[in-house]
Amino acid sequence: MLETPTGGDEALTAVTGAADNQVIAIDNLSLTFQTADGPVHALSDIDLTIGKGEFVSLIGPSGCGKTTLLRVIADLEQPTTGTLLVDGVSPHRARLARAYGYVFQAPALYPWRTIARNVALPLEIMGLSRAERTERVARNLDLVNLAGFERKFPWQLSGGMQQRASIARALAVEPDLLLMDEPFGALDEIVRDHLNEQLLQLWAKTNKTVVFVTHSIPEAVFLSTRIVVMSPRPGRVYDVIDCDLPATRTLDTRETPEFLAIAHRVREGLRAGHSYDD
Amino acid sequence: MRDLVTDFIVNHPLLPILAGLAALMALMLSASGEAGLVIAVPRLVLAALALAGGAAFCLWRSEWAILASAASAHLTAWFLIESLAQLAGAAGAGFWALTIGAWLMAWYLAERLSALEPASAGARRIVNIAVPVLFGVWLLVLWELIVRGAGVPWVLLPPPSQVGVRFAASLDILAADFRQTFMKAVLIGYALGCGAGFVVAVLVDRTPFLRRGLLPVGNMVSALPIIGVAPIMVMWFGFDWPSKAAVVVIMTFFPMLVNTVAGLAAAGKMERDLMHTYAAGYWQSLIKLRLPAALPFIFNALKINSTLALIGAIVAEFFGTPIVGMGFRISTEVGRMNIDMVWAEIAVAALAGSLFYGLVSVIERALTFWHPSYRS
């Protein structure tokens, strides 16, 4: 309450001082949408730091602000109060520096471009040379197992392949930070399991920091090093759970007692945080 | 899922039976007051034989019905047209029975052709073209037979053959009119109107005050009656083609403006956010996302305008023009009762308009192949 602007600056210095290992530092962040029905508290007093190389899942029921939080990190929404640093700078500067790759709920591939040219889209905007573009497109399509589909159009591919192409497009920017907003939410469970395994392998290979929004408990436990459980009205962090399963995880990992224990704790958190009055 | 009527027509030889009955009946009816019975007019007898023979063949060998009905319908039509030299203006019941029979046979042919589902793409394309061509040809055949057989005055409706003769004899005049109206007024007006509509749409999209200020004015411009504007344009730009091009500009500007503004808003929120995450500038977003997404809308306007432009240019010529141009020719030849020349100009306009529209459609297909309505 007694915090002065100077105090805020000190806190900011403290955050940047320890920033070597911190990719995202969120401090006392709130966001209120003004709507015709009055203010909606989408995010309230969020404190969260995410270190380099972590895989952090944001999980919660719909309306808990997990997507909004991801969009604030990406500078697609502006917080009402609080501070947020991405790579030690404001989200706006991080966006202009193309510090992150964003994967949306839908593939959002442009139907008039082939798969290769869709992946090349951010590279064209960055002004990379043709040779560099060609090389990066080939490498990243290979990474998501889409080599050979360069000349297909998005609508000629299955939903899972389209989402893989959109991941390749985010990776082609070569960001250290990957923001993923329920990327597999629209896919069936078999495809989803398969892509989860592939994403883990990709993460192990590239050593990127990932922030992953989901509403699936098994998906969150299977992928993450840390799980942030959020609750709605107002959107806030209810629990942060370390997910210390072995680094190499297969679908069988899901049957182990350790996995089930963590999944249980996540479910408890979701249940406790969810208000059932409505 | 074809409907029951079509199914019945294709699978049962009802139409050939009716056509054959018409042929047999015709042999007992009169050809005309002067020429007597049909059996006295050799060409009508041949027509009846061709029709009855085709009908019999269709019943005998159903798998050859397409070839048989095609040969029979067109031979009958040929003999009927030949017989008009003798019967013109006084055709009797026998003539009309044969006309109806030939029409039934052509109908049967069209139904059989439409029901074909060829495996190869090339054959499918031929069938797709053959059916509308057949339809158009038979429209002309019936027009010719009815107008000449019943002796309709040519001032009301000249037969297509007469229009054709006039067309062939006036190629130089038609070509000069086409150059004046289409190549100058229509094309230049179309390019200027569509171009200006597009540029203003981009400006309107960029600047909110223009959207509020200019879009209502654009609405007003579109509501201007062309009949009222054309004489004013003649006063401003003179008698020659520039005044007609100006009318075309006014007619084409607004559809292009409205459609492009709507098209620029067509790109989805996620696609725009994507551009935002890449820190793309206004022009990069415009060229790489919003214009491609707007293409279906822009081509919609280009297609609407391709027909509007021709109408505008022709009507504008009614209000003062040098002594050349399609609109000028139509208005003066009507006054001189040369209706066949008017029809020849209408044919040129229809042909030019269809080709223009078709060309825009072909370009549209090539550029918006990705749109759900064209995906294969």
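Residues numbered from 1 in each chain as written. Chains lettered and ligands numbered in written order. Predicted model: local features only at pLDDT ≥ 70, side-chain atom pairs only at ≥ 80, totals over all residues. Heavy atoms only, no water.

Colleague: Run through the side chain of Arg-95 of chain A, naming residues and quoting values.
Modeller: Among the secondary structure elements, Arg-95 of chain A is positioned in helix α3 (residues 91-96). A distance of 2.9 Å separates a polar side-chain atom of Arg-95 of chain A from the backbone oxygen of His-276 of chain B. Excluding residues within four positions of it along the chain, Arg-95 of chain A makes contact with Ala-74, Asp-75 and Tyr-100 of chain A together with His-276, Thr-277 and Ala-279 of chain B. (Helix = DSSP H or I, 4+ residues; strand = E, 2+ residues; numbered from the N terminus. Polar contact = N/O pair within 3.5 Å; in protein donor to acceptor, adjacent residues only side chain to side chain. Contact = heavy atoms within 4.5 Å.)

Colleague: Provide a residue-level description of the domain arrangement of chain A, including the pertinent values.
Modeller: Residue and element names in this part refer to chain A. We note that the domain assignment places domain 1 (22-99 + 177-187 + 194-278) and domain 2 (105-174) within chain A. Centre-to-centre separation of domain 1 and domain 2, based on C-alpha positions: 25 Å. On the side of domain 2, 14 residues touch domain 1, which itself brings 15 residues to the contact. The contact between domain 1 and domain 2 buries some 1,200 Å² in all, and 68% of this surface belongs to carbon and sulfur atoms. Looking at the side of domain 1 facing domain 2, the largest losses of area belong to Arg-98, Gln-198 and Leu-202, adding up to 37% of the total buried there. The tally of links between domain 1 and domain 2 comes to zero salt bridges. Taken together, the connections running from domain 1 to domain 2 amount to two residue pairs in polar contact (both at pLDDT 80 or more). Going through the elements one at a time, β6 (177-181) and α7 (189-206) are the ones with two or more residues in the side of domain 1 that touches domain 2. Here the side of domain 1 that touches domain 2 gets five residues from one element, more than from any other, and that element is α7. (Domains from an automatic or database assignment. Buried area = accessible area lost by both parts, 1.4 Å probe. Salt bridge = Lys/Arg side-chain N within 4 Å of Asp/Glu carboxyl O.)

Colleague: A description of a nonpolar patch on the surface should follow, citing residues and the corresponding values.
Modeller: All names here are of chain B. Judged by side-chain polarity, Phe-8, Leu-14, Ile-17, Leu-18, Leu-21, Leu-24 and Leu-59 come together as a nonpolar surface patch covering roughly 600 Å² of accessible area. Considering each element in turn, the nonpolar patch owes the most residues, five residues, to helix α2 (residues 14-26). For Leu-18, the location among the structural elements is in helix α2. The class for Leu-18 is partly exposed, based on a relative accessible area of 37%. (Patch = residues over 30% accessible without salt bridge, like charges linked within 9 Å, V, L, I, M, F, W, Y side chains within 5 Å. Areas by Shrake-Rupley, 256 points an atom, 1.4 Å probe, with all protein chains shown as cover. Buried < 20%, exposed > 50% of the residue type's maximum accessible area, 1.4 Å probe, protein only.)

Colleague: Please provide a residue-by-residue account of the interface of chain A and chain B, values included.
Modeller: Interface size is commonly expressed as the accessible area that is lost once the parts come together. With 24 residues of chain A in contact, the opposing surface of chain B contributes 20 residues. Both sides together, the interface formed by chain A and chain B hides about 2,200 Å², and carbon and sulfur atoms give 69% of it. When residues of chain A are sorted by the area they lose upon contact with chain B, Trp-112, Ile-125 and Trp-155 of chain A head the list and together hold 32% of the total. In this structure, the connection of chain A to chain B is made through two salt bridges. The partner of Glu-124 of chain A in a salt bridge is Lys-288 of chain B, and the shortest N-O contact between them spans 2.8 Å. Taken together, the links from chain A to chain B amount to seven residue pairs in polar contact (both at pLDDT 80 or more). A per-element tally of the side of chain A that touches chain B places helix α4 (residues 115-126) of chain A first, with four residues. A class-by-class count of the residues in the side of chain A that touches chain B yields 16 nonpolar, one polar and seven charged. (Nonpolar A, V, L, I, M, F, W, Y, C, P; charged D, E, K, R; others polar.)

Colleague: So, the sheet that holds strand β5 (residues 100-103) of chain A: which residues are in play, and what are the values?
Modeller: Residues and elements named next belong to chain A. Ordered in space as β5-β6-β7-β3-β8-β9, the six strands form an open sheet in which the pairing is mixed. Edge positions in the sheet fall to β5 and β9 (236-242), since each has one partner strand and no second. If you compare each strand with its neighbour and ignore which way they point, the axes differ by 15 degrees on average. Note that strand β3 (residues 55-59) and strand β8 (residues 226-231) share four bridges and pair parallel. Bridge pairing in β8 links Ser-57 to Ile-227. Those strands touched by helix α6 (residues 159-172) are β5 and β6, and its axis lies near 165 degrees from that of β5. Seen against the sheet, helix α9 (residues 257-273) touches β3, β8 and β9 and runs at an angle of roughly 170 degrees to β9. (Pairing = 2+ DSSP bridges. Axes fitted to C-alpha atoms, helices over the stretch in contact; angles between N-to-C directions.)

Colleague: Account for the domain arrangement of chain B, naming residues and giving values.
Modeller: When the domains of chain B are assigned, the result is domain 1 (4-152) and domain 2 (167-367). Each of domain 1 of chain B and domain 2 of chain B has a C-alpha centre, and these two points are 42 Å apart.

Colleague: So what's going on with the side chain of Asp-340 of chain B? Residues and values would help.
Modeller: All names here are of chain B. Tracing the sequence through the fold places Asp-340 in helix α15 (residues 339-367). Among the polar contacts made by the side chain of Asp-340, one reaches the side chain of Gln-162 at a distance of 3.2 Å. Setting aside residues up to four positions removed in sequence, Asp-340 forms contacts with Pro-158, Gln-162, Val-163 and Arg-166.

Colleague: Give a detailed account of unusual backbone geometry, specifying residues and quantitative values.
Modeller: Residue and element names in this part refer to chain A. The phi dihedral of Asp-75 is positive, around 65 degrees, even though this residue is not glycine. Within the secondary structure layout, Asp-75 lies in the loop between α2 (66-73) and β4 (81-86). Of note, Ala-108 is a non-glycine position whose phi angle comes to about 50 degrees, a positive value. Summarising the element assignment, Ala-108 is placed in the loop between β5 and α4.

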